[in-house]
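# Coordinate analysis (summary)
Here is what each chain is made of, one letter per residue.
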Amino acid sequence: MSIHIHRIYTRAGDGGSTALAGGVQVSKSSLEVESYGESDELISFLGVVRAYATTPETRPSAKIAAETDEVFRKIQNILYEAGAVLASAKALSPDAQSYEATADARVTFLEDRIDRYREMFEAIDGFTIPGDCMLGAHAHVARTVCRRWERVLVRRHELSPIEPWVLAFANRLSDYLFAYTRWITAHLSTQEELWKGPGSGRQG
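First things first, this report covers the structure right here in the doc. Everything numeric in this text was worked out from a predicted model, so none of it was measured. (Residues numbered from 1 in each chain as written. Predicted model: local features only at pLDDT ≥ 70, side-chain atom pairs only at ≥ 80, totals over all residues. Heavy atoms only, no water.)

## Details of the overall build of the protein
A count of helical and extended segments in the protein gives six helices and four strands. Going from N to C terminus, the protein has its helices and strands arranged as β-β-α-α-α-α-β-α-α-β. For the protein, the accessible area works out to roughly 11,800 Å², and carbon and sulfur atoms hold 52% of it. (Helix = DSSP H or I, 4+ residues; strand = E, 2+ residues; numbered from the N terminus. Areas by Shrake-Rupley, 256 points an atom, 1.4 Å probe, with all protein chains shown as cover.)

Structure follows, in structure tokens:
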């Protein structure tokens, strides 16, 4: 598929509406627009992580740079696929609704990476408090943006079903990003601060 962007502005959306793929006009505040807008934001945040991991002045290690560049670039491309799906006004067919998303290659790609990372770190007793390293902190921001995207997808799905692989991918991606931060910590041998319940952060 070729995509040609000839004009930066068209003035067509000045009144607060936009067209989905296929020409259907919707409000820019609609769940359709919000759902693919959230995926666009996530693509950008993942770009921040990838740039930080691969820029010579900030990259923690060559191994982390190579892994991040390969995996995050692929994830960004898959998110564009998801955005294209979400920007469509086409109703989902019964066959598409019954599709077994957990077997989708885009989903299993993330699961395979999670399983690989999991071999490098122990289970933790508490919730991670982001901030032990800048790269991990950026990845945690991307993880929370992904969670917000998933919540929007669920709201839209409850009104009109969307492709199952998109929902499954969003859910698995936030898991992947958490595993990625733990992998970074293990690789760099840094210490994560944990929240273990009320009172756990008190001093003295």
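## Considerations on the side chain of Ser39
Position of Ser39 among the secondary structure elements: in helix 1 (residues 31-54). Ser39 gets classed as buried once you look at its relative accessible area, which sits at 2%. Only 2.7 Å separates the side chain of Ser39 from the backbone oxygen of Tyr36, close enough to count as a polar contact. Setting aside chain neighbours within four positions, we find Ser39 in contact with Leu79, Gly83 and Trp149. (Buried < 20%, exposed > 50% of the residue type's maximum accessible area, 1.4 Å probe, protein only. Polar contact = N/O pair within 3.5 Å; in protein donor to acceptor, adjacent residues only side chain to side chain. Contact = heavy atoms within 4.5 Å.)

## What to know about the packing of aromatic side chains
Scanning the model with the defined rule gives seven aromatic pairs in all. Ring plane angle 35° and centroid distance 6.1 Å describe the contact between Tyr180 and Trp183, whose orientation is recorded as tilted. Note that Tyr180 and Trp183 are positioned in helix 6 (residues 164-188) at a spacing of three residues, about one turn of the helix. As far as the burial class goes, Tyr180 and Trp183 line up, both buried. (Phe/Tyr/Trp six-rings, centres within 6.5 Å; stacked < 30°, edge-to-face > 60°.)

## Focus: the pattern of salt bridges
Taken as a whole, this structure holds twelve salt bridges when the rule is applied. Here Arg172 ties to Glu111 by a salt bridge, and the two come within 2.8 Å at their closest N and O atoms. You can see Arg172 sitting in helix 6 and its partner Glu111 sitting in helix 4 (residues 105-118), a full 61 residues away along the chain. On the basis of relative accessible area, Arg172 is assigned to the buried category, the value being 14%. Here the salt bridges share partners, and the residues they tie into one network are Glu38, Glu41 and Arg148. (Salt bridge = Lys/Arg side-chain N within 4 Å of Asp/Glu carboxyl O.)

## A word on the nonpolar core
Grouped together as the largest cluster of nonpolar side chains are 42 residues, with contacts concentrated most on Ile75, Trp149, Leu173, Tyr176 and Tyr180. Listing elements by their share of this core, those giving two or more residues are helix 1, helix 2 (62-86), helix 4, helix 5 (134-159) and helix 6. The dominant element in this core, judged by the number of residues it contributes, is helix 6, at 13 residues. (Core = buried A, V, L, I, M, F, W, Y, C linked by side-chain atoms within 4.5 Å.)

## Side note on the packing of helix 1 against helix 2
Relative to each other, helix 1 and helix 2 sit at 170°, their axes nearing to 9 Å. What the angle tells us is that helix 1 and helix 2 run roughly antiparallel. For the pair formed by helix 1 and helix 2, the contact residues are Glu32, Ser35, Tyr36, Ser39, Leu42, Ile43, Leu46, Gly47, Val49, Arg50, Ala53 and Thr54 on the first element and Ile64, Ala65, Thr68, Asp69, Phe72, Arg73, Ile75, Gln76, Leu79, Tyr80, Gly83 and Leu86 on the second. For the contact of helix 1 with helix 2, the residue count by class is 13 nonpolar, seven polar and four charged. (Axes fitted to C-alpha atoms, helices over the stretch in contact; angles between N-to-C directions. Parallel < 35°, antiparallel > 145°, perpendicular 65-115°, else oblique. Nonpolar A, V, L, I, M, F, W, Y, C, P; charged D, E, K, R; others polar.)

## Points about the environment of Ile129
Considering the arrangement of structural elements, one finds Ile129 in strand 3 (residues 127-129). What makes Ile129 partly exposed here is its relative accessible area of 31%.

## Some thoughts on the environment of Cys146
For Cys146, the location among the structural elements is in helix 5. Residue classification places Cys146 among the buried positions, given a relative accessible area of 0%. Between the C-alpha atom of Cys146 and that of Ser174, which follows or precedes it by 28 residues, the distance is 5.8 Å. Ignoring sequence-local partners within four residues, the contact set of Cys146 consists of Leu42, Ala170, Leu173, Ser174 and Leu177.

## A closer look at the side chain of Arg50
Take Arg50: it is sitting in helix 1. Judged by its relative accessible area of 19%, Arg50 falls in the buried class. Beyond its immediate chain neighbours, meaning those up to four positions away, Arg50 contacts Thr68, Asp69, Phe72, Arg73 and Gln76.

## Focus: the environment of Ser88
Along the chain, the position of Ser88 falls in the loop between helix 2 and helix 3 (94-97). Taking relative accessible area as the criterion, Ser88 reaches 21% and is therefore assigned partly exposed. C-alpha of Ser88 to C-alpha of Tyr36: the two residues are 52 residues apart in sequence and 9.8 Å apart in space.

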